[in-house]
Amino acid sequence: MKIAIGADHGGFELKSSIIKACSNIMFTDVGCNGTESCDYPDYAIKVAEKVALGEVDFGVLICRSGIGMAMAANRFQNVRAALCFDAATAEQTRKHNGANVLCFGADKITAEDAIATLNAFISTSAETDERHTRRQDKLERADRLSDFSGLAKYDPEIYASIKAQVLQEDTEINLIASENTSTRAVREAAGSVLMNKYAEGYPGKRWYSGCIPVDTAEELARQRACKLFGADHANVQPHCGSAANMGVYLATIKPGDTILSLSLDQGGHLSHGSPVNFSGKLYNIVPYVVNKETECLDYDELEKQAMEVKPKILLSGASAYPRAIDFKRIREICDKCGALMLVDMAHIAGLVAGGAHESPVPYADFVTTTTHKTLRGPRGGLILCKAEYAKAIDSAVFPGMQGGPLENIIAAKAICFREAMQPEFKEYAAQIVKNCKAMCKAVADRGYRIVSGGTDNHLFLVDVKQKGMTGKDAAAALDNAGIVVNKNTIPYDTESPFKCSGIRVGTASITTRGMKEAEAEQIGNMIADVLDDITNLEVQKQVKEKARELTARFLVP
Ligand SMILES: *Cc1c(COP(=O)(O)O)cnc(C)c1O
């Protein structure tokens, strides 16, 4: 049994008595070491940190009343400090609250009673039944708001916005295919002091002094990205996915050169050459399309087109393509027509990391991605490339197109890459796809046409026009029922891009909450319930209640 123990001057004597009496316990004594006046938070912080890190089993903190110590320790995540005066209370707080730090008021308890209380505390296990676990989870998750409680007074308007987002995440079923719900660790790094540093350049070669802390974070991010995806080189600085694509274009081609890419209305992305985007303005974009019958990529057609067009870059990867992409075949086409192979795996990066979609990295010259979609990291971009292009990519990103990198976000990317290397992430990625297939089948079984007839990944597209509604109206009705999707064009759409004929549905976020096929199927049916009678507000109300029930059982991280 390892216990970290600390006290201020008022608790020093009781601390000494406890250490002397309990020879069966391995104490880490963090001080203080005498009765000279000192500040209780200094010792509470030392003990609480050891408990939070799991370096010890429990903590003990003593001051005159015990109250200041408990207050200070309870500011740490996963620390639950309880002020106790007798064995019965100690036992109860272990059982019901999973308390892991015991506080004593030296003026309020004898050494003998304190030792008996400590023994009761360490020999009682926390209850792990559903009720108590749920309450402890809620206790820890209060941080989702309490982290920003300072803002409540400092800037109430922004606090209100954050609080509204917390509430929305807590109570709505998020099926936006390009979104996910980040882990607490990722959010912590993103909000950290690393944001204060200017670090133009790269680790070890910065323009400003004082970059050692951020160098460590960025180097870790680069190494982990390479390891996770098996890449030669990683540039972790692009501020977003569009910037990652811009970095590759800048490094490889000249304005006016030809890019062959999937058009936006067929599932491509703005930054793949849309006329309203820089990519469409600077480069000669030739769009390819999916087959009108199968609504899938037709690689033979693509090869034919590539041989005619002879693009400098053949770009694959999409924002709304529900099927697996054959990267090996695309490599063959690139070799044949002499194009560089760029894969933008923004949507499927998490599936690739978790082995639920074939990786483009062995085939492509360049792979770009966002880090915030299925990969579940912070909002940001990433470029992976073969060693021979490392220098060109790095100088294209800085100084080519960006100034100082966002080192706080880069640290959060590093955390995300590490999370994605864990065995649980493999299960997560596989579950996203299983959930997507289950939800897609439920919707299809209710008579809705699914674009391409199904899904291989984390998203599917429903043709709602076939049922006489627009994607815009369908999404609005679902939103009113607590289910968030987006309107989306479908291949060969006849509606305007503001109305669209389809909705796009993705399962990354609900899978993060721990939902499985049964819940996915239930949500599929909820979607159909709403769309079957799109103007029926009573149905929307009922579905919203079901959404509340579901989200209350599956908490966001
Ligand atoms: C989301 C996405 C991007 C980039 O998005 P940003 O909003 O710029 O981060 C790039 N490519 C594809 C295919 C995407 O889906």
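Everything in this summary refers to the structure shown in the same document. All values derive from a computational prediction rather than experimental measurement.

**Observations regarding the sheet that holds strand β3 (residues 58-63)**
Point 1. Spatially, 5 strands are ordered β2-β1-β3-β5-β4 in an open sheet, and the strand pairing comes out parallel. With one partner strand each, in any of the chains shown, β2 (26-29) and β4 (81-83) form the two edges of the open sheet. For this sheet, the mean inter-axis angle between neighbouring strands, taken without regard to orientation, is 25°.
Point 2. Where β3 lies against strand β5 (residues 101-105), 5 bridges are found, and the strand directions are parallel. Following the sheet pairing, Val60 is matched in β5 by Leu102.

**Digging into the site of the ligand**
Point 1. As a matter of local geometry, the ligand sits amid 13 residues, with Gly241, Ser242, Ser319, Asp344 and Lys373 nearest to it.
Point 2. Here a nitrogen atom of the ligand and a side-chain polar atom of Asp344 are 2.5 Å apart.
Point 3. Side-chain polar atom of His347 to an oxygen atom of the ligand: 3.5 Å apart, as the coordinates give it.
Point 4. Residues belonging to the shell around the ligand are distributed by class as follows: 3 nonpolar, 8 polar and 2 charged.

**Overview of the pattern of salt bridges**
Point 1. Under the criterion given, the structure shown has 31 salt bridges.
Point 2. One salt bridge connects Asp143 with Arg184, and the closest N-O pair in it is separated by 3.5 Å. Pair noted here: Asp143 is in helix α7 (residues 143-146) and Arg184 is in helix α10 (residues 184-190), with a separation of 41 residues, a long-range link.
Point 3. As a salt-bridge pair, Glu188 and Arg184 come within 3.1 Å of each other at their nearest N and O atoms. Taken together, the residues Glu188 and Arg184, both in helix α10 and 4 residues apart, mark about one turn of the helix.
Point 4. Here the residues in one salt-bridge network are Asp300, Glu303, Arg329, Glu332 and Lys336, joined through shared partners.

**Re unusual backbone geometry**
Point 1. Note the cis peptide between Gly31 and Cys32, where omega equals 0°.
Point 2. Tracing the backbone through its elements, the reader meets Cys32 in the loop between β2 and α2 (40-53).
Point 3. For the bond from Phe398 to Pro399, the omega torsion is 5°, close enough to zero to count as cis.
Point 4. Mapped onto the elements, Pro399 comes out in helix α17 (residues 390-401).
Point 5. Phi at Glu295 is positive, roughly 60°, even though this residue is not glycine.
Point 6. Here Glu295 is to be found in the loop between β11 (284-288) and α14 (299-309).
Point 7. One non-glycine residue, Arg376, adopts positive backbone phi at about 65°.
Point 8. By secondary structure assignment, the location of Arg376 is in the loop between β14 (366-370) and β15 (381-385).

**Comments concerning the sheet that holds β11**
Point 1. With mixed pairing, 7 strands are arranged side by side in an open sheet as β9-β15-β14-β13-β12-β10-β11. The open sheet has two free edges, formed respectively by β9 (233-235) and β11, since each of these has just one partner strand. Adjacent strand axes in the sheet meet at a mean angle of 20° when their direction is disregarded.
Point 2. Where strand β12 (residues 313-316) lies against strand β13 (residues 340-344), 4 bridges are found, and the strand directions are parallel. Counted as the bridge partner of Ser316 is Val343 from β13.
Point 3. Taken strand by strand, helix α15 (residues 327-337) contacts β12 and β13, and its axis lies near 150° from that of β13.

**Description of the pairing of β5**
Point 1. Across the 5 residues that make up β5, a large majority, 5, are buried.
Point 2. Here β5 shows no split at all, with Val101, Cys103 and Gly105 on one side and Leu102 and Phe104 on the other all buried.
Point 3. Pairing of β4 with β5, which is carried by 3 bridges, proceeds in the parallel orientation. Bridge assignment links Ala82 to a residue of β5, and that residue is Leu102.
Point 4. Assessed by its sense of winding, the connection that carries the chain from β4 through helix α4 (residues 87-97) to β5 is right-handed.

**Remarks on the packing of helix α11 (residues 212-229) against helix α18 (residues 407-421)**
Point 1. Two elements in contact, α11 and α18, have axes whose closest approach is 8 Å; the angle formed by their N-to-C orientations is 35°. Crossing of α11 over α18 shows left-handed handedness. The segment α11 lies against α18, with Val214, Ala217, Glu218, Leu220, Ala221, Arg224, Ala225, Lys227 and Leu228 engaging Glu407, Ile410, Ala411, Ala414, Ile415, Phe417, Arg418, Ala420 and Met421.
Point 2. For the contact of α11 with α18, the per-class residue count stands at 13 nonpolar, no polar and 5 charged.

**Here's the deal with the nonpolar core**
Point 1. Core analysis: the largest hydrophobic core is formed by 63 residues, its most contacted members being Phe229, Leu314, Met345, Leu375, Leu384 and Phe417.
Point 2. Shared between two domains, this core takes at least three residues from each, and those domains are domain 2 (189-420) and domain 3 (423-553).
Point 3. Judged by nonpolar contacts, the second largest core, of 36 residues, contains Met439, Met469, Val485 and Val505.

**Topic: the side chain of Asn174**
Point 1. Here Asn174 is to be found in strand β6 (residues 173-174).
Point 2. A polar atom in the side chain of Asn174 sits 2.9 Å from the backbone nitrogen of Ile176.
Point 3. A distance of 3.1 Å separates a polar atom in the side chain of Asn174 from a polar atom in the side chain of Glu179.
Point 4. Leaving out residues up to four positions away in the same chain, Asn174 has contacts with Glu179, Val484, Gly506, Ser509 and Ile510.

**Focus: the environment of Lys328**
Point 1. With respect to the helices and strands, Lys328 occurs in helix α15.
Point 2. Owing to a relative accessible area of 46%, Lys328 belongs among the partly exposed residues under this scheme.
Point 3. For Lys328 and Arg504, which are 176 residues apart along the polypeptide, the C-alpha to C-alpha distance reads 27 Å.

**Topic: the environment of Thr124**
Point 1. Within the element layout of this structure, Thr124 appears in the loop between α5 (111-122) and α6 (130-141).
Point 2. Since its relative accessible area comes to 10%, Thr124 is described here as buried.
Point 3. Through-space distance from the C-alpha of Thr124 to that of Lys95 is 6.8 Å; in sequence the pair is 29 residues apart.
Point 4. A polar side-chain atom of Thr124 sits 2.6 Å from the main-chain carbonyl oxygen of Ala120.

**A word on the pairing of β13**
Point 1. Burial runs high along β13: 5 of the 5 residues are buried.
Point 2. Side chains Leu340, Leu342 and Asp344 of β13 all project onto a buried face; the interleaved residues Met341 and Val343 project onto the opposite face, where all are buried too.
Point 3. Tracing the backbone out of β12, into α15 and back to the parallel element β13 gives a crossover that is right-handed.
Point 4. In the sheet, β13 pairs with β14 via 3 bridges, with the strands oriented parallel. In the strand pairing of β14, Asp344 is matched with Thr368.

Analysis parameters
- All residue numbers refer to positions counted from 1 along the written sequence of the respective chain.
- Since the coordinates come from a predicted model, pLDDT governs what is reported: local features require at least 70, and pairs of side-chain atoms require 80 or more to be given and counted, while whole-chain, interface and lining totals use all residues.
- The side-chain figures draw on all heavy atoms in the structure; neither hydrogens nor water molecules are used.
- Pairing between two strands requires that DSSP report at least two bridges joining them.
- In this description a helix means any DSSP run of H or I spanning at least four residues, a strand means any run of E spanning at least two, and both kinds are numbered starting from the N terminus.
- Simply put, an axis is a line fit to the C-alpha atoms, just over the touching stretch for a helix, and the angle between two N-to-C directions goes from 0 to 180 degrees.
- Here a residue is near a molecule or strand as soon as one of its heavy atoms is found within 4 Å of it.
- N or O atoms within 3.5 Å of each other form a polar contact, as long as, within protein, one can give a hydrogen and the other can take it, and as long as residues adjacent in sequence are counted only when both atoms are side-chain atoms.
- Under the grouping applied here, Gly and all other residues not named as nonpolar or charged are polar, the nonpolar ones being Ala, Val, Leu, Ile, Met, Phe, Trp, Tyr, Cys and Pro and the charged ones Asp, Glu, Lys and Arg.
- Here a salt bridge means any side-chain nitrogen of Lys or Arg lying within 4 Å of a carboxyl oxygen belonging to Asp or Glu.
- It only takes one pair of heavy atoms within 4.5 Å for two residues to be counted as in contact.
- Between buried and exposed lies partly exposed: a residue is buried under 20% and exposed over 50% of the maximum accessible area for its type, with that area taken using a 1.4 Å probe on protein chains only.
- Throughout, right-handed denotes a crossover for which the path from the first strand over the helix to the second runs clockwise when the strands point away from the viewer.
- By definition, turning the near helix anticlockwise from the far helix through less than a right angle yields a left-handed crossing, and turning it clockwise yields a right-handed one.
- In these notes, a set of buried Ala, Val, Leu, Ile, Met, Phe, Trp, Tyr and Cys residues joined through side-chain atoms within 4.5 Å is what counts as a nonpolar core.
- Here the bounds of each domain stem from an automatic or database domain assignment.

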